[in-house]
Amino acid sequence: MIKPLDIAAGSVLFTALVLGLLVPPDAVQGDLQRIMYVHVPSAWLAYLSFGLTLVFGVAYLRTRRIRWDHLAGASAEVGVVFTGLALVTGSIWGKPVWGVWWTWDARLVLTAVMFFVYLGYLALRRAFEDPEVRARRAAVYGIVAVAQIPLVHFSVVWWRGLHQPPTVLRPGDPQIDGPLLAALLAAVFAFTVVYAALVSRRAEVGRLEDRAATRPADGAVAGDGISAPPIVGGGR
Amino acid sequence: MIRHVRVLLAAHMRDERRAGEVGLVIIPFGVVALLVIPMAVGIDTPLLDRIGPGLFWTVLVLFGVVVTQRQSATVGDARRDVLTLLGVDPAARFAAAALAATILLVVFAAAIALVTVVLYDPAIAGAAWLALLVPLACAGIAMVGTIAVAVAGGLGSRSSLAPLLAVPIAVPILLAAAQATEGLRAGAGILRWILLLAVVDVVLALAGVLTARPLEES
């Protein structure tokens, strides 16, 4: 069943896509710069989703309501997808501009590290069968893991590298032309709505998975009819 | 609580003394790693001098996680139940485990530092700063590893999962320590890297103490 949030996500994403294609190209990079309308919102969603993984984890530890854990897991999963997208789009942009697919820049390396931290988080979640134990352990790891976010964000300030410093989220005025900024903000908004739709769906799937896993089997299971042959005669 | 930490720390050290896992297994393994790397990158003395300190920190982080995962650090269900019945705070258990791991890591770091100097002959500067840097880095690695081991506790895949959980989180420690060492060699200020290490340690200590109780629940 399609929810209103799904329709809203599809609509704003389409609008942002059209806007991103209609705004004038960058004065220096030309059309290549348009990849930023996917790269920057993906990076923003990585921060948002991992930050919210922490918030949902803390909410679970305080209330012990399992729905917070489903939201935390969903948020981390969506965050890993968008972090991967940010890395891939950055690499595609980097090849023509920097001349390499990958460079040992602090922002790149730390983003890749953050990706693996949350892959570990997802591996941890999959390792536990008991939903309560999984929720507790994952919430604790989510609290420790979130320290990566400020490190990734400020890496361009602390280390000199190829990656440009913050353009929009910087002290003072944003260093970007008006129409380009509007397209970028529209893309950020659209991706955020898509994130909300995906997390909502994934959390629901998580809830159904838990219910299916804990529900007793109500029918015959394959192999029920097979029994071991009786051992007659005994050993020697 | 301090008395509990002291008693538990003594128990951890006694367990390790009996098992000898760090001294007889992990230190030799770290030395082997330092021996093997030059064969992979080429026996180029100036290059080895340049990369020596970085390799030291890399080996410390990677093998440091193994130190935190040692068998003598594993608290079985029976011991945990007894400690719970005795009213020992889970935060005291975390503090004792992290402290024991820190001490063992400093020993491990001293051993591999000696081997790094002998094998790679790096130019050493700011020995007093290094004496501060190494325990700070060891404390951070110890706390990350202790938390990871607690989080993955009771799992069959613990030995493979805990390093995946711990090593990426320990990257800021590796970065700060390596940058500080480079700063010392270049004669630059390293105060901000020391500060970053101290902040990471404080954040990890708070996280470990505050989350110790939920991790102990069964």
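Residues numbered from 1 in each chain as written. Chains lettered and ligands numbered in written order. Predicted model: local features only at pLDDT ≥ 70, side-chain atom pairs only at ≥ 80, totals over all residues. Heavy atoms only, no water.

Looking only at helices and strands, chain B features nine helices and zero strands. Dimensions of chain B along its principal axes, counting C-alpha atoms only, are 60 × 35 × 25 Å. Counting every position in chain B, which comprises 218 residues, the buried fraction comes to 49%. Considering only contacts in chain B between residues 6 or more positions apart, those separated by 24 or more positions represent 85%. For chain B, the computed accessible surface area is about 10100 Å², with 70% contributed by carbon and sulfur atoms. Across chain B, 14 positive and 13 negative side-chain charges occur, with their mean positions spaced 7 Å apart. (Helix = DSSP H or I, 4+ residues; strand = E, 2+ residues; numbered from the N terminus. Buried < 20%, exposed > 50% of the residue type's maximum accessible area, 1.4 Å probe, protein only. Contact = heavy atoms within 4.5 Å. Areas by Shrake-Rupley, 256 points an atom, 1.4 Å probe, with all protein chains shown as cover. Lys, Arg positive; Asp, Glu negative; His and termini not counted. Charge placed at Lys NZ, Arg CZ, Asp CG, Glu CD.)

Before going further, it helps to spend a moment on the overall build of chain A. Tallying secondary structure elements over chain A gives seven helices and zero strands in all. Seen in sequence order, chain A has helices and strands lined up from the N terminus as α-α-α-α-α-α-α. Taken across its 236 residues, chain A has 43% of its residues classed as buried. If you take every contact in chain A between residues at least 6 apart in sequence, the share linking residues at least 24 apart comes to 75%. As presented, chain A carries roughly 13000 Å² of accessible surface, and 67% of it is formed by carbon and sulfur atoms.

Residues and elements named next belong to chain B. With respect to the helices, strands and loops of the structure, Ala-178 is situated in helix α8 (residues 171–186). Given a relative accessible area of 24%, Ala-178 falls into the partly exposed group. Between the alpha carbons of Ala-178 and Ala-127 there is a distance of 14 Å; along the sequence they are 51 residues apart.

Membership of the largest hydrophobic core comes to 88 residues, with the highest contact counts inside it found for Tyr118(A), Tyr141(A), Leu60(B), Phe108(B) and Ile173(B). Counting residues per element, this core draws most heavily on helix α6 (residues 127–151) of chain B, at 13 residues. The residues touching Tyr141(A), leaving out its near neighbours within four places in the chain, are Val117(A), Gly120(A), Tyr121(A), Leu124(A), Val151(B), Leu164(B), Leu165(B) and Ile169(B). In terms of nonpolar packing, the next biggest core, distinct from the first, is built from 13 residues, Ala74(A), Phe191(A), Tyr195(A) and Ala203(A) among them. (Core = buried A, V, L, I, M, F, W, Y, C linked by side-chain atoms within 4.5 Å.)

Glancing now at the pattern of salt bridges. Residue and element names in this part refer to chain A. Overall, the coordinates contain 12 salt bridges over all chains when judged by the stated rule. Put simply, Lys-3 and Glu-204 hold a salt bridge, and the shortest N to O gap is 2.9 Å. Of the two residues, Lys-3 sits in the segment before α1 (4–22) while Glu-204 sits in helix α7 (residues 178–214), which places them 201 residues apart along the sequence. Note that Glu-209 and Arg-202 form a salt bridge whose closest N and O atoms lie 3.8 Å from each other. Classification of Glu-209 by relative accessible area gives partly exposed; the value is 43%. Judged by its relative accessible area of 23%, Arg-202 is partly exposed. (Salt bridge = Lys/Arg side-chain N within 4 Å of Asp/Glu carboxyl O.)

Moving on, we get to the packing of aromatic side chains. All told, the structure shown has 10 aromatic pairs over all chains when counted by the stated rule. Considering the side-chain rings of Phe50(A) and Tyr118(A), the 3.7 Å spacing of their centres and the 5° angle between planes classify their relative orientation as stacked. Placement of the pair is Phe50(A) in helix α2 (residues 36–63) and Tyr118(A) in helix α4 (residues 106–127), with a sequence separation of 68 residues. Each ring, one from Phe56(B) and one from Trp57(B), has its centre 4.9 Å from the other, and the planes form 70°; the classification is edge-to-face. Taken together, Phe50(A), Tyr118(A) and Tyr121(A) form an aromatic cluster joined through their ring pairs. The ring of Trp68(A) carries Arg67(A) above its face, with NZ or CZ at 4.8 Å from the centroid. (Phe/Tyr/Trp six-rings, centres within 6.5 Å; stacked < 30°, edge-to-face > 60°. Lys NZ or Arg CZ within 6 Å of the ring centre and 35° of its normal.)

At the interface, 23 residues of chain A touch 26 residues of chain B. For the pair chain A and chain B, the two sides together bury roughly 2100 Å², of which 74% comes from carbon and sulfur. At the boundary of chain A with chain B, the tally comes to zero salt bridges. For the interface between chain A and chain B, the tally reads five residue pairs in polar contact (both at pLDDT 80 or more). Of all the elements in the fold, those that place two or more residues in the side of chain A that touches chain B are α4, α5 (131–145) and α6 (148–158) of chain A. (Buried area = accessible area lost by both parts, 1.4 Å probe. Polar contact = N/O pair within 3.5 Å; in protein donor to acceptor, adjacent residues only side chain to side chain.)

Moving on, we get to the environment of Ala73(B). Residue and element names in this part refer to chain B. Tracing the backbone through its elements, the reader meets Ala-73 in the loop between α3 (45–68) and α4 (77–85). The exposure class of Ala-73 is buried, given its relative accessible area of 17%. Separated by 25 residues in the primary sequence, Ala-73 and Ala-98 place their C-alpha atoms 9.7 Å from one another. If we ignore the near neighbours within four places in the chain, the residues touching Ala-73 are His-12 and Thr-68.

Right, let's talk about the environment of Gly30(B) for a bit. Residues and elements named next belong to chain B. As for its position among the elements, Gly-30 is in helix α2 (residues 21–41). The spacing of Gly-30 and Thr-58 is 28 residues in sequence and 10 Å in space, taken between C-alpha atoms. Apart from residues no more than four positions distant in its own chain, Gly-30 is found in contact with Val-59, Phe-63, Phe-108 and Ile-112.

Residues and elements named next belong to chain A. Despite not being glycine, Arg-64 shows a phi value in the positive range, around 60°. Tracing the backbone through its elements, the reader meets Arg-64 in the loop between α2 and α3 (66–98). Looking at Arg-64, the relative accessible area reads 31%, which means it is partly exposed.

Turning our eyes to something else, we now look at the packing of α3(B) against helix α5 (residues 90–120) of chain B. All names here are of chain B. The N-to-C vectors of α3 and α5 enclose an angle of 150°; their axes lie 10 Å apart at closest approach. Taken together, the axes of α3 and α5 lie roughly antiparallel to each other. The way α3 lies across α5 gives a crossing that is right-handed. Only Ala-101, Leu-104, Leu-105, Phe-108, Ala-109, Ile-112, Ala-113, Thr-116 and Tyr-120 of α5 make contact with α3, whose side of the interface consists of Leu-48, Asp-49, Gly-52, Leu-55, Phe-56, Val-59, Leu-60, Phe-63, Gly-64, Val-67 and Thr-68. (Axes fitted to C-alpha atoms, helices over the stretch in contact; angles between N-to-C directions. Parallel < 35°, antiparallel > 145°, perpendicular 65-115°, else oblique. Left-handed = near helix turned anticlockwise from the far one by under 90°.)

To continue, consider a nonpolar patch on the surface. Residues and elements named next belong to chain B. On the surface, Phe-29, Val-32, Leu-35, Val-36, Leu-114, Val-118 and Leu-119 cluster together into a nonpolar patch covering about 660 Å² of accessible area. Those elements giving two or more residues to the nonpolar patch turn out to be α2 and α5. Per element, the largest residue contribution to the nonpolar patch is four residues, and it comes from α2. Residue placement: Val-36 occurs in helix α2. (Patch = residues over 30% accessible without salt bridge, like charges linked within 9 Å, V, L, I, M, F, W, Y side chains within 5 Å.)

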